[in-house]
Amino acid sequence: NKTILYLEESMKCIEPDFNTNYLLGLAYGNLNKNMQAVLAFKQAELLDSTDITISFQTGVLYMGLLLFDEALLKFENYASNYPRDQVTQFLIGKCLYNLGEYDSAISTFKYALRLNQNDSDSQYYIGLCLKQIGDLESSAIALKKATLLNPDNHLYHFEIGQVYLAIGKLRLAYNEAN
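Residues numbered from 1 in each chain as written. Predicted model: local features only at pLDDT ≥ 70, side-chain atom pairs only at ≥ 80, totals over all residues. Heavy atoms only, no water.

A look at helix α8 (residues 120-132)
Owing to its 3.6 residues per turn, the α-helix brings residues three or four apart onto one side. Along its 13 residues, α8 runs 18 Å from first to last C-alpha, staying within 8% of the 18 Å computed at 1.5 Å per residue. The element α8 is largely enclosed, with a buried count of 10 among its 13 residues. Of all the positions in α8, only Ser120, Ser122, Gln123, Tyr124, Tyr125, Ile126, Gly127, Leu128, Cys129 and Leu130 are classed as buried. Buried residues belonging to α8 abut α6 (86-98), α7 (102-115), α9 (136-149) and α10 (154-166). Capping the start of α8, Asp119 holds a side-chain oxygen 3.3 Å from the backbone nitrogen of Asp121, two or three residues further along. (Helix = DSSP H or I, 4+ residues; strand = E, 2+ residues; numbered from the N terminus. Expected span 1.5 Å × (residues − 1). Buried < 20%, exposed > 50% of the residue type's maximum accessible area, 1.4 Å probe, protein only. Contact = heavy atoms within 4.5 Å. Polar contact = N/O pair within 3.5 Å; in protein donor to acceptor, adjacent residues only side chain to side chain.)

Shown next, in the form of structure tokens:
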């Protein structure tokens, strides 16, 4: 809070600059004041449109605001400069998933997995996408791969258990619950 007060006071005394707005955006974001952070980053972007990290930062904030279409645009902009950034590819996939674009999300998560084959979250979301489009057998396989990558993640076990129940594999569902 002191940092924000200092930055806000500085903005009253000096000409608004990129660094002050950028730092204000980061500070607001750290306090989960996402809309204020977005506004600060937009102001910073107006002052220096060449800093591509703003796209990534605002994408994360838009996700926090559940504005997945806006987040997707920001992440795609960032990815145009850093196409092999695995985290950005995962976040693009997550936006596509939340927008109901499951086939595109699967392709993006598969690309993220090619960048980092140990990415259990991308594997998990592939399973969720396959579940959403009704391919439960493939969903179970993808979710099983996620549990093998990260056996301590209880959410993965819960989801695969639900899929096993849906396809009538009761013993496997029971095993995932225990």
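Description of the state of the cysteines
Across all of its chains, the model carries zero disulfides by this definition. We note that Cys95 lacks a disulfide partner, and the nearest cysteine sulfur, in Cys129, lies 12 Å from it. Assessed through its relative accessible area of 0%, Cys129 is described here as buried. (Disulfide = S-S within 2.5 Å.)

Looking at the environment of Thr20
Relative to the helices and strands, Thr20 resides in helix α2 (residues 18-30). For Thr20 and Leu91, which are 71 residues apart along the polypeptide, the C-alpha to C-alpha distance reads 27 Å.

Thoughts on unusual backbone geometry
Phi angles above zero are rare outside glycine, and Asn32 is one such case at about 60°. Mapping Asn32 onto the fold places it in the loop between α2 and α3 (34-47). Accessibility expressed as a relative area gives 64% for Asn32, which makes it exposed. Residues other than glycine seldom take positive phi values, yet Leu66 does so here, at roughly 60°. With respect to the element layout, Leu66 can be found in the loop between α4 (53-64) and α5 (68-81).

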